[in-house]
Amino acid sequence: MAAGVVENSTGEFCVNSSLESFPRSLWWGESKEPACNLPPVEGDLDVDVAIVGGGITGISSALHLAEAGLSVAVLEARHIGFGASGRNGGQVIPGLKYDPSDLVAKYGPEKGQRLIELAGGAADYVFELIERHGIRCNPVRAGWIQAAHSPIALEAVLRRAGEWRKQGVEVEVLDRDGIATSTGTTRYFGGWRDPRAGAIQPLDYLRGLTRAAIKAGARVFEKSRVTSLTKRDSGWQLGTAAGKLRARKVIVATNGYTGDLVPKLAQTVLPVQSMQLATEPLPADLARRVMPGGVVLSETRKLAFYMRQTPEGGFMIGGRGAVGNGEDPSLMAALERGMLRLFPDLERVKIVHRWSGHVALSMDGLPHLHEPEPNLYCMLAYNGRGIALATTFGRMMAEEIARSIPAIYPRSSIKPIPWHPIRRPVMGLGIRWYWLKDSLGLASK
């Protein structure tokens, strides 16, 4: 387990002493937006909406609620950017993991098409907010490449590209030579590029979004862990160590760091570590060849790598890690080996950052929106696409609460995963198996 980190009774992982003891990501050293440094909540407070969790979902909801004139308070247990919102790879990818035809088949032509448009426009909306609020987060829109690791995977990728083309997206189909030119590696069989996507510095994005929310009138509190959530006649009461909030409505937006505040909610998702590493700035010759021009990429493997250049010109790559709270050095070493298989020339470049954090996965590969009690909303499980989706879903929830515009995204009941109590050994074995297949060069279907 990482130094300074302990597991509590709810299965969360939290800082044991000071925040300084927790391994920080690359983004802390490349930040243009200052740390928020907000006080904890104290005393009693009454608001229209209380939000538990200061990640992208929570802060986006707060921004849009405040802009609509509602009083809103965000309660963040640690500090803004502690969780996935401040530690992810910075890829802004539109769409859900389902293809457009899958959404139509699942939800019907009308609702399916509305969901396609909602998720398909999610990246556009992120970059619109960045421009509107002057967020200094190094935004680059050079597109996202989905790279096929096998001929079988290429067939599915090309079908997906064709579906988005029918939706009006100017996709670019890449053959094996084309993807090699675009990425600098010959390991892929082809793919497609989605021009709507891009890259940002995620910690700066969240800090800038928080600044915008506060300017709009939202109140945001750090070091304010919610310890109780109780239904009252007029709404809800939230307790913290030093304060008490009363709210008409509550949004729980804790994603991969969900505890037991809402019964059984944590058992609906699988928090898995996403490991990442980043190099020093690349020499000019490598910078021109390896993931050039700001493009981002993810693979089609079961345990897909994702990669990009950093704003400072280094190379970064991520992949799935251990289940639980402690980093597994062997899996981090496997990530480094994977990087060198793709880009052997990076062997002469120094790795300067290694970090990890939880991504929340759902069994159906879709985000989940729950309303277990009237006026209590839970939004989680972005399955690795949290920047674009969380931003857009935060706006969607605010529109429902403030303007009575029903959320496009369907609600579902809280259904715990049956084998959740033994998820660590089960998923740990699965992750190691897929890492082994990858290291042996075996294709994953």
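Overview of the structure. Keep in mind the model is a prediction, meaning the values are calculated, not measured.

When helices and strands are tallied, the protein chain shows 12 helices and 20 strands. Considering the protein chain as a whole, with its 445 residues, one finds that 57% of them fall into the buried category. Within the protein chain, contacts between residues separated by at least 24 positions form 75% of all contacts whose residues are at least 6 apart in sequence. Summed over all atoms, the accessible surface of the protein chain reaches about 17,900 Å², with 52% contributed by carbon and sulfur.

Moving on, we get to helix 8 (residues 202–216). Helix length check: helix 8 (15 residues) gives 21 Å between terminal C-alpha atoms against 21 Å at 1.5 Å per residue, within 8%. For helix 8, a buried count of 11 out of 15 residues is recorded, marking the element as mostly surrounded by other parts of the structure. Residues of helix 8 that are buried: P202, L203, D204, Y205, L206, R207, G208, L209, T210, A212 and A213. With a side-chain oxygen positioned 2.9 Å from the backbone nitrogen of L203, the residue opening helix 8 is Q201. Just beyond helix 8, the residue with positive phi is G217, at close to 120°.

So, about the pattern of salt bridges. For the coordinates displayed, the defined rule picks out 18 salt bridges. D285 is the salt-bridge partner of R348, the closest N and O atoms lying 3.1 Å from each other. With R348 in the loop between helix 10 (329–342) and strand 18 (351–361) and D285 in helix 9 (residues 284–289), the pair connects residues that are 63 residues apart, well separated along the chain. On the accessibility criterion, R348 (54% relative accessible area) is exposed. Judged by relative accessible area, which is 30%, D285 ranks as partly exposed.

What follows concerns the nonpolar core. The nonpolar side chains of a soluble globular protein tend to be buried with one another. Counting 70 residues, the largest nonpolar core has L65, Y205 and I251 as the members making the most contacts within it. Of the residues forming this core, the biggest block, 9 residues, is contributed by helix 11 (residues 386–403). Those residues within four positions of L65 in sequence are excluded, and the remaining contacts are V49, I51, L70, V72, I251, A398, I401 and A402. Of all hydrophobic cores here, the second largest spans 27 residues; its members include M291, I317, M339 and V349.

If you walk through the whole model with that rule in mind, you get 5 aromatic pairs. Both rings, one in W144 and one in W192, keep their centres 5.8 Å apart while their planes meet at 75°; by these two values the pair is edge-to-face. Placement of W144 in strand 6 (residues 144–147) and of W192 in strand 8 (residues 191–194) is noted, with a sequence separation of 48 residues between them. For W192, a relative accessible area of 1% translates into the label buried. Aromatic pair F315 and F343: ring centres 5.2 Å apart, planes at 65°, arrangement edge-to-face. Of the two residues, F315 sits in strand 17 (residues 315–323) while F343 sits in the loop between helix 10 and strand 18, which places them 28 residues apart along the sequence. Given a relative accessible area of 0%, F315 falls into the buried group. By way of ring pairs, the aromatic residues Y382, F393 and Y409 are connected into one cluster. Its guanidinium or amino end placed over the ring of F189, R176 lies 4.1 Å from that ring's centre, counting from NZ or CZ. Note that R207 overlies the ring of W28, its terminal NZ or CZ placed 4.8 Å from the centroid.

Moving on, we come to the pairing of strand 15 (residues 296–299). Looking along a regular strand, one sees the side chains alternate between the two faces of the sheet. Side chains of strand 15 alternate between two faces, with V296 and S298 and L297 and E299 buried alike. One ladder, built from 4 bridges, connects strand 6 with strand 15; its direction is parallel. Opposite W144, over in strand 15, you have V296 as the bridge partner. Relative to strand 16 (residues 306–309), strand 15 runs antiparallel, the two being bridged by 2 bridges.

A word on unusual backbone geometry. Generally, phi is negative for residues other than glycine and the peptide bonds are trans, each holding for most cases. With a phi angle near 50°, N138 is a residue other than glycine that sits in the positive phi range. Inspection of the secondary structure assignment puts N138 in the loop between helix 5 (122–133) and strand 6. The residue M291 is not glycine, and still its phi comes out positive at about 50°. With respect to the helices and strands, the residue M291 is situated in the loop between helix 9 and strand 15.

Taking 1.5 Å of rise per residue, 12 residues should cover 16 Å, and helix 4 (residues 109–120) covers 16 Å from first to last C-alpha, within 8% of that figure. Of all the residues in helix 4, the buried ones are G112, L115, I116, L118, A119 and G120.

Attention now goes to the pairing of strand 4 (residues 72–75). Residues V72 and V74 point to one face of strand 4 and A73 and L75 to the other, with burial holding for every one of them. Note that strand 4 and strand 10 (residues 219–221) share 3 bridges and pair parallel. Bridging across to strand 10, L75 finds its partner in F221.

Attention shifts here to the packing of helix 1 (residues 56–67) against helix 5. What describes two packed helices is the angle between their axes and the distance between those same axes. Two elements in contact, helix 1 and helix 5, have axes whose closest approach is 14 Å; the angle formed by their N-to-C orientations is 60°. The orientation of helix 1 relative to helix 5 falls into the category oblique. For the pair helix 1 and helix 5, the crossing hand works out as left-handed. Residues L63, H64 and E67 of helix 1 lie in contact with helix 5, whose contacting residues are Y125, L129, R132 and H133. A per-class count over the contact of helix 1 with helix 5 returns 3 nonpolar, 2 polar and 2 charged.

Next up on the list: the environment of V349. Among the structural elements, V349 can be located in the loop between helix 10 and strand 18. The exposure class of V349 is buried, given its relative accessible area of 7%. When neighbours within four sequence positions are excluded, V349 is seen to be in contact with T279, E280, L282, P283 and L286.

Here we come to the side chain of Q273. As for its placement among the helices and strands, Q273 is situated in strand 14 (residues 270–279). Under the relative-accessibility criterion, Q273 is labelled buried at 2%. A distance of 3.1 Å separates polar atoms of two side chains, one belonging to Q273 and the other to S356.

Cut-offs and rules
Every chain's residues receive numbers from 1 upward, in the order its sequence appears when written. Local features in this predicted model are restricted to residues whose pLDDT is 70 or higher, and side-chain atom pairs enter the listing and the counts only when it is 80 or higher, whereas totals over whole chains, interfaces and linings include all residues. Side-chain numbers here rest on the full set of heavy atoms in the structure, without hydrogens or water. Runs of E in the DSSP output that reach at least two residues are strands. Runs of H or I that reach at least four are helices, and both are numbered from the N terminus. Residue exposure (1.4 Å probe, protein chains only): buried if accessible area is under 20% of the type maximum, exposed if over 50%, otherwise partly exposed. The contact definition used throughout considers only heavy atoms, calling two residues in contact when any of these lie within 4.5 Å. Only the protein chains shown count as cover for residues, and all accessible areas are computed by the Shrake-Rupley method using a 1.4 Å probe. To estimate the expected span of a helix, count its residues, drop one, and scale the result by 1.5 Å. We define a polar contact as two N or O atoms separated by no more than 3.5 Å, with the added condition that, inside protein, one atom must be a possible hydrogen donor and the other a possible acceptor, whereas residues neighbouring each other in sequence contribute only through side-chain atom pairs. One speaks of a salt bridge when a side-chain nitrogen belonging to Lys or Arg is within 4 Å of a carboxyl oxygen belonging to Asp or Glu. Side-chain atoms within 4.5 Å are what join buried Ala, Val, Leu, Ile, Met, Phe, Trp, Tyr and Cys residues into a set we call a nonpolar core. Here a Phe, Tyr or Trp ring, Trp counted by its six-membered ring, pairs with any other such ring whose centre lies within 6.5 Å, and the pair is stacked when the planes are under 30 degrees apart, edge-to-face when over 60, and tilted otherwise. Two limits define a charge over a ring: the Lys NZ or Arg CZ must be within 6 Å of the ring centre, and within 35 degrees of the ring normal. Any two strands with at least two DSSP-identified bridges between them are counted as paired. What counts as an axis is a line fitted to C-alpha atoms, over the stretch in contact for a helix, and the angles between N-to-C directions run from 0 to 180 degrees. Should an angle lie under 35 degrees it is considered roughly parallel, over 145 roughly antiparallel, and from 65 to 115 roughly perpendicular; all remaining angles are considered oblique. Helix crossings are classified by the rotation of the near helix relative to the far one: an anticlockwise turn of less than a right angle makes the crossing left-handed, while a clockwise turn makes it right-handed. When residue character is reported, Ala, Val, Leu, Ile, Met, Phe, Trp, Tyr, Cys and Pro are called nonpolar, Asp, Glu, Lys and Arg charged, and the others, Gly included, polar.

Just geometry here; none of it tells us what the structure is for.
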